[in-house]
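# Notes for the structure review
Listed below, chain by chain, are the residues.
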Amino acid sequence: MEWLANLFGSYWPGVELTGWTLIKIVAIVAPLMGAVAYLTLAERKVIGYMQVRIGPNRVGYFGLLQPLADGIKLLFKEVVLPTAANKGLFLLGPVLAIAPAFAAWAVVPFDMNMVLADVDAGLLYILAMTSVAVYGVIIAGWASNSKYAFLGAMRSAAQIVSYEIAMGFALVGVLMCANSLNLGKIVMGQSGGLLHWYFLPLFPLFVVYFISAVAETNRAPFDVAEGESEIVAGFHVEYSGMAFAVFFLAEYANMILVSMLAALMFLGGWLSPVTFIPDSFLWLLAKVGFLLFLFLWFRATFPRYRYDQIMRLGWKVFIPITIVWIVFIGGMMQTPWAYLFH
Amino acid sequence: MTFFGLHFQDIVFYTLAAILLFAGLRVITTRNPVYAALYLVLAFFTAAGIWLLLEAEFLAIVLVLVYVGAVMVLFLFVVMMLDINLDRLREGFWSALPVALPVGGLMSVEMMMIVGVRNFGVDKVAAPAAHPAGYSNTAELGRVLYTDYLLPFELASVVLLVAIVAAIALTLRDRKDSKSMDPAKQVLAKKADRIRIVKMQPEVEKTTTSDSAEEAK
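These lines cover the structure that appears in this document, whether it is placed above or below. Owing to the predicted nature of the structure, the values given are computational and were not obtained by experimental measurement.

Rules of the game
- Counting restarts for each chain: residues are numbered from 1 in the order of the written sequence.
- Chain labels run from A onward and ligand labels from 1 onward, assigned in the order the entries are written.
- Given that the model is predicted, a residue must reach a pLDDT of at least 70 before its local features are reported, and side-chain atom pairs must reach 80 or more before they are shown or counted; all residues, however, enter totals for whole chains, interfaces and linings.
- With hydrogens and water set aside, each side-chain value is computed from the structure's full complement of heavy atoms.
- Segments assigned H or I by DSSP are reported as helices when at least four residues long, segments assigned E as strands when at least two residues long, and all are numbered from the N terminus.
- Burial status follows relative accessibility: with a 1.4 Å probe on protein chains alone, a residue under 20% of its type maximum counts as buried, one over 50% as exposed, and anything between as partly exposed.
- Here a residue-residue contact requires only that any non-hydrogen atoms of the pair lie within 4.5 Å.
- Residue exposure ignores everything except the shown protein chains as possible cover, and the areas themselves are Shrake-Rupley values with a 1.4 Å probe.
- In the sections that follow, a salt bridge refers to a side-chain nitrogen of Lys or Arg positioned within 4 Å of a carboxyl oxygen of Asp or Glu.
- Polar contact is the term for a pair of N or O atoms within 3.5 Å; when the atoms are in protein, one must be able to donate a hydrogen and the other to accept it, and sequence-neighboring residues count only if both atoms are side-chain atoms.
- Once two parts are brought into contact, the accessible area they lose, counted with a 1.4 Å probe and summed over both, makes up the buried area.

Now for the overall build of chain B. When its secondary structure is counted, chain B shows 11 helices and 2 strands. When the helices and strands of chain B are read in sequence order from the N terminus, they spell out β-β-α-α-α-α-α-α-α-α-α-α-α. Residue burial in chain B is summarised as follows: out of 217 residues, 17% are buried. Taking contacts inside chain B between residues at least 6 apart in sequence as the whole, the part at least 24 apart equals 55%. Entry remark: accessible area of chain B is about 17,800 Å², with carbon and sulfur atoms responsible for 68%.

Listed below in structure tokens is the structure:
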């Protein structure tokens, strides 16, 4: 360390800060990539057992090396560029899909004071980043110069923009309870055991948030953007090899992100449900794991929504519910029962 | 910490400003409307970066959230679906130029007189003082909006609400041949409304039974 400091001279504080930040970023992104890889395996296994199949079981014990095999296979596949595609934007699409999915993790706290950037407006930052993710889909769909891809992109853009509003309103309820946009403070506002977590006073908002999250990530039963039986695979139909894999990674990273947010904002984050067991990062992992299991469970259970039903659910059901509940919370906060909503 | 006599913040500012100017220029010079919309997205993003340098993190993030995340998505949506013929758009360029040039020039001169160096120079507007680490821009903005500026804020929201209602009222047309269904009616539909169960006698194979009866005799 000493000789490094001498080498950089007066620039050392900046270099040291950059170095540490880079190390922290790797410490977040590397496990995240692992989680994404094994979420794909978990999905195939869980859905397999729900359909009375075994799922992948050939590569490694219980198919544990299957994600690695898939990754290597995709890595060696050719990335086909369609002749009539817009080359620059075609390659920019996957990048724009995955960059926000990872950038949002900068403000996610994992434990008390265990966060890369303790931003005061952290929740707004995450909302901004997730709203940018739609560009990857739109650009990919347009640059592919293919009807199916374009239809998929249009569907996806409309869906993401609609459900973002319901999601944002659901978060307004959390802000009203927590009095802060800082994710760490929102979690600490729920301390005191299971009964103090926000999912109880904000139950309708929690349900709306989670369903909107499923729609935002284009997962079944809201996966009309890919709709393999109608528009073959939607926006990424022209992508192959790693370019396709990047879209895949982005979708699963987004799933983990929205589950993480739901766990932090409604289920008390790393706080333990009972006060005599200490709070720990493991609680957060368990909650996120449970919410991710719900994603897989939904996919194995529900048939796909029709497009007009999706739009109706978002605009005519979820947005009114959230607005009514926000007004209700605001009213309750002026009454003696205000303590129930803090 | 300085690099070649420039502070780190200055370097960030000049980089962002250069990208912003380039993107803004490309918005009006590029031939493809989709590219123009994407350059506008880049311009918004870099503008948000410059606001972050001013410690206005709430405004910066909201700029990205609203303009990049919602408004520009709808823009792109429309631009991608339209079949825009650029030659048709450029047809009247030379005939409109004698009028457009003085009008445009006058507007730029007026703008420069108001927001130029004379009124907004470095000597006129001091740099904002750096805030302590715990300072929350968001909370401060919220307090000011809902106390000192409550009335203008509410007025603005009412104007926006009227605009929303007007826009919907103007564009909402009920098509006579629309086949849209009322979901409430769909949910209320009972099995009895759709299916009629008819009681029927089971078909008994009489011949075989009589045959076996005769055989038994």
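Following the structure, the description resumes.
Residue and element names in this part refer to chain A. Per the counting criterion, the structure on display carries 6 salt bridges over all chains. Of the charged contacts in the structure, one is a salt bridge between Glu 43 and Arg 299, with a shortest N-O distance of 2.7 Å. One end of the pair, Glu 43, is in helix H2 (residues 12–50); the other, Arg 299, is in helix H12 (residues 281–301), with 256 residues separating them in the sequence. We classify Glu 43 as buried; its relative accessible area is 3%. For Arg 299, a relative accessible area of 40% gives the class partly exposed. One salt bridge connects Glu 251 with Arg 219, and the closest N-O pair in it is separated by 3.2 Å. With Glu 251 in helix H11 (residues 241–266) and Arg 219 in the loop between helix H9 (203–216) and helix H10 (228–231), the pair connects residues that are 32 residues apart, well separated along the chain. For the pair Glu 251 and Arg 219, a shared accessibility class is recorded, and that class is buried.

Turning our attention to the environment of Val 46 of chain A. Residue and element names in this part refer to chain A. The residue Val 46 is located in helix H2 in this model. Relative accessible area serves as the criterion here: at 19%, Val 46 is assigned to the buried category. Between the C-alpha atoms of Val 46 and Leu 7, which are 39 residues apart in sequence, the distance is 53 Å. Once you skip the residues sitting within four places of it in the chain, Val 46 turns out to touch Phe 293 and Leu 296.

All names here are of chain A. Within the element layout of this structure, Lys 287 appears in helix H12. Overall, the relative accessible area of 9% leaves Lys 287 in the buried class. Here Gly 269 takes part through its backbone oxygen, which lies 2.7 Å from a polar atom of the side chain of Lys 287.

Moving on: the interface of chain B and chain A. Contacts between the two partners involve 28 residues from chain B, matched on the other side by 28 residues from chain A. At the boundary of chain B with chain A, total buried surface from both sides reaches about 2,300 Å², with 79% on carbon and sulfur atoms. Linking chain B to chain A there are 1 residue pair in polar contact (both at pLDDT 80 or more). Taken together, the elements giving at least two residues each to the side of chain B that touches chain A come down to strand E1 (2–3), helix H2 (33–53) and helix H3 (57–81) of chain B. Considering each element in turn, the side of chain B that touches chain A owes the most residues, 14 residues, to H3 of chain B.

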